[in-house]
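# Chain and residue survey
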Amino acid sequence: MHNYLSIKDVTNLNQLVQVAQQCKAQPFAHQALGKNKTLVLLFMNPSLRTRLSTQKAAQNLGMNCIVMNLQQGWQLEFEDGVRMDTTKAEHIREAAAVISQYADIIGLRSFPTLTDRDQDYADFFIQQLTRYASVPVVSLESAIRHPLQSLADALTIAEYQKKERPKVVLTWAPHLKALPQAVGNSFVEFMQQRDVNLMVTHPKGYELAPEFIKSTPVEYDQAKAFENADFIYAKNWSSYESYGKILPIDQDWMITMKLMQQTNNAKFMHCLPVRRNVVVEDAVLNSDHSVVIEQANNRTFAAQAVLKRILETKR
Amino acid sequence: MHNYLSIKDVTNLNQLVQVAQQCKAQPFAHQALGKNKTLVLLFMNPSLRTRLSTQKAAQNLGMNCIVMNLQQGWQLEFEDGVRMDTTKAEHIREAAAVISQYADIIGLRSFPTLTDRDQDYADFFIQQLTRYASVPVVSLESAIRHPLQSLADALTIAEYQKKERPKVVLTWAPHLKALPQAVGNSFVEFMQQRDVNLMVTHPKGYELAPEFIKSTPVEYDQAKAFENADFIYAKNWSSYESYGKILPIDQDWMITMKLMQQTNNAKFMHCLPVRRNVVVEDAVLNSDHSVVIEQANNRTFAAQAVLKRILETKR
Amino acid sequence: MHNYLSIKDVTNLNQLVQVAQQCKAQPFAHQALGKNKTLVLLFMNPSLRTRLSTQKAAQNLGMNCIVMNLQQGWQLEFEDGVRMDTTKAEHIREAAAVISQYADIIGLRSFPTLTDRDQDYADFFIQQLTRYASVPVVSLESAIRHPLQSLADALTIAEYQKKERPKVVLTWAPHLKALPQAVGNSFVEFMQQRDVNLMVTHPKGYELAPEFIKSTPVEYDQAKAFENADFIYAKNWSSYESYGKILPIDQDWMITMKLMQQTNNAKFMHCLPVRRNVVVEDAVLNSDHSVVIEQANNRTFAAQAVLKRILETKR
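These remarks concern the structure in this document. Just so it is clear, the model here is predicted, and its values are computed rather than measured.

Cut-offs and rules
- Residues numbered from 1 in each chain as written.
- Chains lettered and ligands numbered in written order.
- Predicted model: local features only at pLDDT ≥ 70, side-chain atom pairs only at ≥ 80, totals over all residues.
- Heavy atoms only, no water.
- Axes fitted to C-alpha atoms, helices over the stretch in contact; angles between N-to-C directions.
- Helix = DSSP H or I, 4+ residues; strand = E, 2+ residues; numbered from the N terminus.
- Parallel < 35°, antiparallel > 145°, perpendicular 65-115°, else oblique.
- Left-handed = near helix turned anticlockwise from the far one by under 90°.
- Contact = heavy atoms within 4.5 Å.
- Nonpolar A, V, L, I, M, F, W, Y, C, P; charged D, E, K, R; others polar.
- Buried area = accessible area lost by both parts, 1.4 Å probe.
- Salt bridge = Lys/Arg side-chain N within 4 Å of Asp/Glu carboxyl O.
- Polar contact = N/O pair within 3.5 Å; in protein donor to acceptor, adjacent residues only side chain to side chain.
- Least-squares fit on C-alpha atoms with pLDDT ≥ 70 in both.
- Expected span 1.5 Å × (residues − 1).
- Buried < 20%, exposed > 50% of the residue type's maximum accessible area, 1.4 Å probe, protein only.

Residue and element names in this part refer to chain B. For the pair helix 4 (residues 92-102) and helix 6 (residues 124-132), the least separation of the axes is 8 Å and the interaxial angle reads 60°. On the basis of the axis angle, helix 4 is oblique to helix 6. You can see that helix 4 and helix 6 cross each other, and the crossing is right-handed. Two secondary-structure elements touch here, helix 4 through Ile92, Arg93, Ala96 and Ala97 and helix 6 through Gln128, Leu129 and Tyr132. Grouping the constituent residues of the contact of helix 4 with helix 6 by class yields five nonpolar, one polar and one charged.

As a further point, take the interface of chain C and chain A. On the side of chain A, 31 residues touch chain C, which itself brings 30 residues to the contact. Between chain C and chain A, the buried area comes to about 2600 Å², and carbon and sulfur atoms account for 54% of it. Taken together, the links from chain C to chain A amount to three salt bridges. Where C:Arg276 meets A:Glu94, a salt bridge forms, and the shortest distance between an N and an O atom there is 2.7 Å. Taken together, the links from chain C to chain A amount to 13 residue pairs in polar contact (both at pLDDT 80 or more). Of all the elements in the fold, those that place two or more residues in the side of chain C that touches chain A are helix 3 (49-60), helix 12 (282-285) and helix 13 (292-314) of chain C. Broken down by element, the side of chain C that touches chain A gets its largest block of residues, seven residues, from helix 3 of chain C. For the side of chain C that touches chain A, the residue count by class is twelve nonpolar, ten polar and eight charged.

This brings us to the interface of chain A and chain B. Many descriptions give the size of an interface as the accessible area lost when the pieces come together. With 30 residues of chain A in contact, the opposing surface of chain B contributes 30 residues. When chain A packs against chain B, the two sides together hide about 2600 Å² of surface, and 54% of this comes from carbon and sulfur. When the area that chain A buries against chain B is broken down by residue, the three leading residues are A:Leu48, A:Leu52 and A:Arg276, summing to 24%. Here chain A is connected to chain B by three salt bridges. Two residues, A:Arg49 and B:Glu90, come together in a salt bridge whose shortest N-O distance is 2.8 Å. Linking chain A with chain B are 13 residue pairs in polar contact (both at pLDDT 80 or more), by the criterion used here. Secondary-structure elements contributing two or more residues to the side of chain A that touches chain B are helix 3 (49-60), helix 12 (282-285) and helix 13 (292-314) of chain A. Per-element tally for the side of chain A that touches chain B: the top contributor is helix 3 of chain A, with seven residues. Taken together, the residues of the side of chain A that touches chain B break down into twelve nonpolar, ten polar and eight charged.

The transform that puts chain C on chain A rotates by 120° and translates by 0.0 Å along the axis, for an RMSD of 0.0 Å. This pairing of chains is accounted for by a three-fold axis. A distinct binding surface is used by each copy, with only 3% of the interface residues of chain C retained as interface residues in chain A.

All names here are of chain B. The end-to-end C-alpha separation of helix 3 (residues 49-60) is 16 Å, in line with the 16 Å expected for twelve residues at 1.5 Å each. For helix 3, the complete set of buried residues consists of Arg49, Thr50, Arg51, Leu52, Ser53, Thr54, Gln55, Lys56, Ala57, Ala58, Gln59 and Asn60. Two residues or fewer after helix 3 comes Gly62, characterised by a positive phi angle close to 80°.

Here we take up the side chain of C:Thr130. Residue and element names in this part refer to chain C. As for its placement among the helices and strands, Thr130 is situated in helix 6 (residues 124-132). Given the relative accessible area of 17%, Thr130 is considered buried. In this structure, Thr130 is in contact with Asn3, Leu5 and Val137, ignoring residues within four places of it in sequence.

Turning our eyes to something else, we now look at the relation of the copies chain A and chain B. Between the two chain copies there is a screw-like relation: a rotation about an axis and a shift along it. Laying chain A over chain B is done by rotating through 120° and shifting 0.0 Å along the axis; what remains is an RMSD of 0.0 Å. A share of only 3% of interface residues in chain A that are also interface residues in chain B marks the association as one of differing surfaces.

Turning to unusual backbone geometry, a few remarks are in order. Glycine aside, negative phi is the norm for most residues, and most peptide bonds take the trans geometry. With an omega dihedral of 0°, the bond running from A:Leu272 to A:Pro273 counts as a cis peptide bond. Assignment of secondary structure puts A:Pro273 in the loop between strand 11 (267-269) and helix 12.

Below, the discussion takes up helix 4 (residues 92-102) of chain A. Burial of helix 4 of chain A is extensive: nine of the eleven residues sit out of reach of the surface. Within the sequence span of helix 4 of chain A, burial applies to A:Ile92, A:Glu94, A:Ala95, A:Ala96, A:Ala97, A:Val98, A:Ile99, A:Ser100 and A:Tyr102.

The following block contains the structure:
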């Protein structure tokens, strides 16, 4: 593996999940691999889980880790050929090439605009970084994907599944703010390559982009979608069609115990942070249905598996 | 020791001071203890000494250290059962449980509101964190206590005391802003367990909370309190009674050389940062009375002793 | 070497460039030197290259590195004898002495006011830090100098020079904002000690301070200065005479391919970040003339050479 931007960078997902499982079983077994290697993490947006888990993964592998919060004070120009007479002090060409001098691997978190769909769905920022970097790039959540989350999700489902080909339901859930489609997109993309029975449920108008949903079945009746589910993955996203908008809906899509009771005693998953009693009832999160904490724990081993594979490839 | 939130977590303070002295004598003697252990430090408020000294202590012990500044961009809900439709994006239940996945020990700095005395004196934030974390929690100064500072203070007094049972005076001093009572509270709580002759002096209206001051003598005449003192510990705090307020006072309580001359050639202590010529005269800080720099140095070994004891207990 | 604030701290520049070359050839050869040593980096202003390269240099040497961003929330008083009743919470006397307790070496970035020339040219902040620190201080760019940059520049010229005594031209270039003179000052100061044919070119009114330019030839005709140049070092700075001002100029000083063609196939240097098509044409940066990325890479080994020499001296 060179870069890790999407499922397309994974030649064998089953194998990568196994590497993550091995990292979880023996987190400190490969510290020679990362010795004197530096991971630089660039955050254009806030992060808790991704930052902590990726830093922990790097340390487990014996790597050094340098974190740069770029939310303020350092604006990048991503367009080519422009006269840089704005507030943007540095071009991605220089920034990417320069950081590549100090890093063995670069991680980037960069959220979407939610206003310019073409730019967001070209995954413009991380693609430009990857283009001009001379070292591997790992997505810490880009405009349209969150592949480290999805690998942790795949690992979590592998750990908790009680039968072959479990029914996995991705359900839209309410939120106050317009959120990216990244987690949903990426989850669908990964699950399509796993041996699961995947279904997506959301209100009309919240259809995921065709390039992601592909032929995955969509059920507009949430209660019906929950029937016999083994895993319920809840996540809010804003509309792709009415890009970045929150649409009026005519029922409450919050995940409740009542809904969970229609499942096959399903495990409840969420990437966190989660707004209690908006996205999901307290009762669900506080019950044995919830595996969100172990799911968060698995972020470390997803990141560690990816870093390990990249380091092995570089060698 | 599991958590370190207050003197109540210390079974034997004399022994803990000795551990700190040993850490100071041989800072790098226990690096195997911290190998592959991660300390996550969460700062809801700014910090210089606490951050640097605790990070240094962790590194002395061979631990990894990850610092999160949470002043902006990540607001936590601490109340149970609420509908999270405000600006608070994550509940302490998830945050604490999740960070526990990545950390072997969590440190939290969280200042008081200075408006809600009940919440502050329940030490609500750090108690909620401790409740929901699955790993030990260390206070980096909470709403009402600063126990790492107090341990460093105890170590400093042990180093500089010239006689048994020295007279130790905690004196209120002026400041421009309404400050927490944490340092004073915690200092009193620790000194009550040391073999010292403790006295507190402050203007009327600045009485510390009864649960902290207990039977420690209070002298309202500052000059009189200074007589024969071996240690003068200066600190401002806002009123507990008129909670969080700055009260009008009718004399200047700034620590001067004139005041110091009434002592038994006392050592001058302050937790820093200190506003010169507001809290204390330049002349005192620049004189041999002052031990504030060594006191700051001792922060490292106080933190190291606490981390060491927690790591030993976990093993 | 104790401190590293300017060329005056370098007893033998040729030797220091050689140390940097050795560090580049074998970056991890001296990790015992930095073991259990801590570098504290204080940033009063933003930084990308300096932060990453210095942190990398420290890690290459086996040091621990702690970064403090002090842009917000922690204001220092640098004047002596004042009553600290302003927003400045701590005096440099305490701050410097305290940080010295936790650090083996302190780095400081502190930009000029660009309004108070006397204070800036006394290099007031870093001089006060150095005065009150009890450990070595390294400049990460002060009000008037950027000596780590200049050492990287000297290393870069040594690597790319094809003949003895190459012609090195420092050329002023346009910018939108009033920038410090630090890079230009420091570059001139270093080059005056190298075996190069140094020339400076800029519009009238942009003369560098006499204490820096000394007897170095100044050519006001940019095109003429470029003739037969082996290295073109471009950098904007604001006026020293009309202190901190941007002056009206009557031609475009942007570096173009047309200008580069008048050189002896010169290498193009810039400390970055660079505003494309304002300071320099895209065509130059994208051509083989440009060595700016390797120049940025050399920042690591410049910092490493300086840290190495300081650690060796301390031992």
